[in-house]
Protein chains: 4
Amino acid sequence: MIVVLKRDISKSELEQLQQKLQKAGCEFQLFEDGESILRIKSKQNWLSVDFFLSQPGVQNAYRITPPYQLSARKSPEQETHIHVGEYVFGPSQFTLIAGPCAVESEEQILATAQALSGNGIRFLRGGAFKPRTSPYAFQGLGIEGLQLLRKAADQFKMKVVTEAVSSADVSVVAEHADIVQIGTRNMQNFQLLKKVGKQKKPVLLKRGMNATIEEFLLASEYILQEGNSQVILCERGIRTFETSTRNTLDISAVPIIKQLSHLPIFVDPSHASGKRNLILPLSRAALAAGADGLLIEVHHQAEVAKSDGPQSINFAAFEELLSSLKAMAPLLNKQIY
Amino acid sequence: MIVVLKRDISKSELEQLQQKLQKAGCEFQLFEDGESILRIKSKQNWLSVDFFLSQPGVQNAYRITPPYQLSARKSPEQETHIHVGEYVFGPSQFTLIAGPCAVESEEQILATAQALSGNGIRFLRGGAFKPRTSPYAFQGLGIEGLQLLRKAADQFKMKVVTEAVSSADVSVVAEHADIVQIGTRNMQNFQLLKKVGKQKKPVLLKRGMNATIEEFLLASEYILQEGNSQVILCERGIRTFETSTRNTLDISAVPIIKQLSHLPIFVDPSHASGKRNLILPLSRAALAAGADGLLIEVHHQAEVAKSDGPQSINFAAFEELLSSLKAMAPLLNKQIY
Amino acid sequence: MIVVLKRDISKSELEQLQQKLQKAGCEFQLFEDGESILRIKSKQNWLSVDFFLSQPGVQNAYRITPPYQLSARKSPEQETHIHVGEYVFGPSQFTLIAGPCAVESEEQILATAQALSGNGIRFLRGGAFKPRTSPYAFQGLGIEGLQLLRKAADQFKMKVVTEAVSSADVSVVAEHADIVQIGTRNMQNFQLLKKVGKQKKPVLLKRGMNATIEEFLLASEYILQEGNSQVILCERGIRTFETSTRNTLDISAVPIIKQLSHLPIFVDPSHASGKRNLILPLSRAALAAGADGLLIEVHHQAEVAKSDGPQSINFAAFEELLSSLKAMAPLLNKQIY
Amino acid sequence: MIVVLKRDISKSELEQLQQKLQKAGCEFQLFEDGESILRIKSKQNWLSVDFFLSQPGVQNAYRITPPYQLSARKSPEQETHIHVGEYVFGPSQFTLIAGPCAVESEEQILATAQALSGNGIRFLRGGAFKPRTSPYAFQGLGIEGLQLLRKAADQFKMKVVTEAVSSADVSVVAEHADIVQIGTRNMQNFQLLKKVGKQKKPVLLKRGMNATIEEFLLASEYILQEGNSQVILCERGIRTFETSTRNTLDISAVPIIKQLSHLPIFVDPSHASGKRNLILPLSRAALAAGADGLLIEVHHQAEVAKSDGPQSINFAAFEELLSSLKAMAPLLNKQIY
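Fair warning: this is a prediction, and the values are worked out from it, not measured in the lab.

Draft legend 1. Summary view of the relation of the copies chain B and chain C. Of the transformation superimposing chain B on chain C, the axial component is 0.0 Å and the angular component is 180 degrees, with the fit at an RMSD of 0.0 Å. One copy is carried onto the other by what is essentially a two-fold rotation axis. Taking the C-alpha atom as reference, chain B places B:A285 closest to the rotation axis, 2.0 Å from it. Same-surface contact between copies: 100% of interface residues of chain B are shared with the interface of chain C.

Draft legend 2. Representation of the relation of the copies chain A and chain D. Mapping chain A onto chain D calls for a screw motion: a turn of 180 degrees about the axis and a shift of 0.0 Å along it, with 0.1 Å RMSD after fitting. Comparing contact sets, 100% of the residues at the interface of chain A also lie at the interface in chain D, consistent with an isologous, same-surface contact.

Draft legend 3. Quick look at the interface of chain B and chain C. Contacts between chain B and chain C engage 33 residues on the former and 33 residues on the latter. Residue assignment for the side of chain B that touches chain C shows that the elements contributing at least two residues are α8 (253–260), α10 (279–289) and α11 (315–328) of chain B. At 7 residues, the largest contribution of residues to the side of chain B that touches chain C is made by α10(B). Per-class residue counts for the side of chain B that touches chain C are 18 nonpolar, 12 polar and 3 charged.

Draft legend 4. Quick look at helix α10 (residues 279–289) of chain D. With 11 of 11 residues buried, α10(D) is to be regarded as a mostly interior element. Looking at the residues trailing α10(D), positive phi occurs at D:G290, about 105 degrees.

Draft legend 5. Representation of the sheet that holds strand β3 (residues 37–40) of chain A within the structure. Residue and element names in this part refer to chain A. Pairing is antiparallel in the open sheet, where 4 strands are placed in the order β2-β3-β1-β4. The open sheet has two free edges, formed respectively by β2 (28–31) and β4 (58–62), since each of these has just one partner strand. Averaged over all pairs of adjacent strands, the angle between their axes in this sheet comes to 20 degrees, without regard to strand direction. Bridge analysis of strand β1 (residues 2–5) against β4 gives 4 bridges, and the strand direction is antiparallel. Note on β4: the bridge partner recorded for V3 is A61.

Draft legend 6. Examining the interface of chain A and chain D more closely. Chain A puts 33 residues into the contact, and the matching count from chain D is 33 residues. Mapped onto the side of chain A that touches chain D, the elements with two or more residues apiece are α8 (253–260), α10 (279–289) and α11 (315–328) of chain A. In terms of residues, the side of chain A that touches chain D owes the most to one element, α10(A), which gives 7 residues.

What counts, and where the lines are drawn
Residues numbered from 1 in each chain as written. Chains lettered and ligands numbered in written order. Predicted model: local features only at pLDDT ≥ 70, side-chain atom pairs only at ≥ 80, totals over all residues. Least-squares fit on C-alpha atoms with pLDDT ≥ 70 in both. Contact = placed C-beta atoms within 7 Å. Helix = DSSP H or I, 4+ residues; strand = E, 2+ residues; numbered from the N terminus. Nonpolar A, V, L, I, M, F, W, Y, C, P; charged D, E, K, R; others polar. Buried ≥ 20, exposed ≤ 12 C-beta atoms within 10 Å, placed from the backbone. Pairing = 2+ DSSP bridges. Axes fitted to C-alpha atoms, helices over the stretch in contact; angles between N-to-C directions.

Following this line, the structure appears as structure tokens:
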């Protein structure tokens, strides 16, 4: 932390500030030279930028080390590999997690699992608990949805990825799922983050649509701190003024997160764009930018989907997408499944 | 809902669409004229814009009635008045809810309650459970904080406003507080909204920093639907590209919400701006724009506040603010307390 | 400027950096202490943050003095007063500049000038050259519009405020107008800024809808640098994700600009909101936040306006607005005209 | 255009509206059915959404055809091919335009041209007239810069792409350049757009950092309308709340513009990100998303660049990038040069 003091800081203001820091056991050094600079050395995490901005005589404060710690990359080689059964998520893979927005019926989820697994896809997604902007929209099948998902996955030797929307659901979701998803609206539901941090299944954490990358990594820190180191990050679009897509896919977040963190980073082109005819080019772009996988909405009859129909692709479109990604993956030193 | 069909919609696509609507018991009328228009009349809430955009042959769909219902203003006279003890929130009042960001100690909260109540303020705020971006920041005193808040309020005949951050906390918060606050990061924590909708204390719902006004009203709908009609809305700044304030206070949201809804609308200038020297002008602006009250951070020693120090004002600044608002209130036909 | 060096900066990288700075005649001081800090003292304006970020061994650079100079407030007392004939713009006034979005006909502009001047308004606005998003929209009457505006203003002893949209128009606009307006889309049309900086009429500079406050003040600097110190700033809404208003009025910009600069700051509630039923509350809010005046669209028949009809108010609404502002102005120590 | 009338529209309001439309020679049809709908059939461009929103008795108006015309794609096959000497821009190419942000010296631009042309690059970029946020920043060498650029390009058989920042510069820029660039801050400088529309050299139009895709296409329309059909669009990042990149590259704009328009669409990863270590992944993503080329900042000594140093890559990084793109291009059916 670097703290720039005001030119007109009084002697007593400076003394009081130094006393507070000493009392807190904080190491610091004062450089005097016209404008004075205080260099804070000890990593006392409560010493925030806000703390210094609140002190009389302080002009500004700059944090020079990132506020997140466990999620921060310490070396170019550091990489988190996440193991789910015989499968691995990480920098040498490009993993596809596919399925409907919501589990709607046994027929639907079985047909989807069959089609996907027939194409070599090993991760089946589907919402059982659905967080919806309107209370009048379809809210998901709940536990029945979880059971259908598990059954379909088991029948076709797939793994289940599904969302927990409240702390109360975490254990039942973790029981049925192989990976527990945290949605964009819950990225700063800190109680929920702590709860999934305390259980053992890997967590797929979606970026808040209004969250900076720094806040995204801080959110992952809530999970890591509780002892669960199996976190997969997922960029899914941020909110901007542009209205031709539902959100704006922040493709730059992929290489930035690769540089800042050792965690795998996925992309969800379906929620980012809200439009099925953008899924193919955005999926390619995600792979090309270095993402470690995709979360894609696939529906056996997209035109009757109970939610997110406009952004779901059908099986034929999914096969075309897969074939395109398979051709590109070797150039990025990635293996697809 | 108005649905515009593609010029090249096939006869069978149109027939299938009509059959689906009939099967769903939905009233509609087809206007044919070069481009065909389908006018959907029945208010089946599952018939979303998304549903129509997913159908083959549909070009676009426009919702022409708002998606929220209980929070929508039905007439110019309709106004929700919220009663807390002998006090009322509503269009003839301008109510100040003041206090520290976080309850830190008995000394702090008692000093604050004494100073505020001495100025005629009846609503004491303070965080016991603090949602913090970083897991390393101060997270609040928890239940002890609630107890200190209650004790201070009781001693000075004040009412308590404090935040619940998870479903599990709702009952203990509701037990100690007179108004339960839902914070910006939880505006779309739908489980939490339902939970506070099921208890009886009034709810102060803060706008999500990335939420549109429509989404804000839909969030309130989750509470109203559960039977709790005592909802106070609170604008607290939205996230934009401007960095000289923490968020951008959307002052226009005040008159817009007055036009769209019958619920009271408050403003939180402290979180919107993040800067104490903006509190006075923004508070005046809120009153002038028609807000029904303010949520303000006041700290007896702002420079040592454990959170939000830079935006907290001290007692002297609060008195100056109050005096300025009292002079202005009669012009807006508002009574201040 | 404070420059933080990388922990692993090599000796030769550091020497090269110091040599570059010495060669450029730049004063600096090196503080060494684990992480090294370079404090740059001389105000060489080409030494940008970008320059330092480009150097090997540099981790980050922080500008600690604002990049604008002439527009920066040097003391609490420093205030620019702008004189237009017998009228003054400044901190003791609240000046209304009103009129139609575009000059459409002699009848229209005369009727408007008569109604406004009858209410004591002294500044008539109206567009002759209109920058329009679509080439198919009405582009204004050009020089004929300027002449009609001048004629109407002269007949009713008013002053003219109108926009120049290109360098080529500046002299003809300055000839007919008393204040030359620069629109939001031209805030960074630097050639145009320099051109209006070289003529003598006061300039009303509107904030770019995507400009930060710092960029806004830097744009004013282009005018001030050319010798024209008569600049009035105008906040007119920024672009955000919210769609219920055309743009989001950044009301906080008013007190912030008051703190950072000595230039007068106006508000344009018409363009900010795009909705006539928001003009009254937003105008009041602007006054309450400390603005020095308003730019308001008034049309004698708003429903047939050739541009910006939805946000124009009619004469009756204008009179109601004026009466409300007059009641409030004394509380802000402002005189209205 | 579809116009929804208010339920309580009066008979006389409706009659007046119909009369206005008839008088304007506008074809329309009224559908009555509880809520009435007016379907406007004639393409009178002055009939904007704003016109209808200004009429008494109108609730809302929806444009159902895009407001741009010449830039709109009329069929899947329609593609604009732009010829510059023996080179073509279009859907089968992926064209690299590279060079320094600003022309700084003969040595610099010759070294750059030599290195780039040695790698097969045919388009040399460099700014002679620089629009800068601060008046104190380097503003470019002007005409001397144009001459150096031309000389370097001619010596190495390259084509010149450079920016015109004001109408007055257009002819001298067009004289020296092969493609005239319009920068992001000038995307809505309509006088400048018309001026480059009147000359014959192809135009590279960069998206305004705050412009929607619709506004971007409308801006291109100003050029096309004047008779110049040789327009290349360029996505260069939009302004959002995220601060880890200078702007947010809107990668989705690439496939959307491909669907809406027949014009080529480029990507500028340098300005979008502001960071040289993002250029490689974002360039790959642009190609993968279907872009027709790139605009890239390359500097022979990035650490001493007079502008945009942090985002410029050196020759070695450029060669690595080129090699990566060459491997990927065949998968997208693109030829690179």
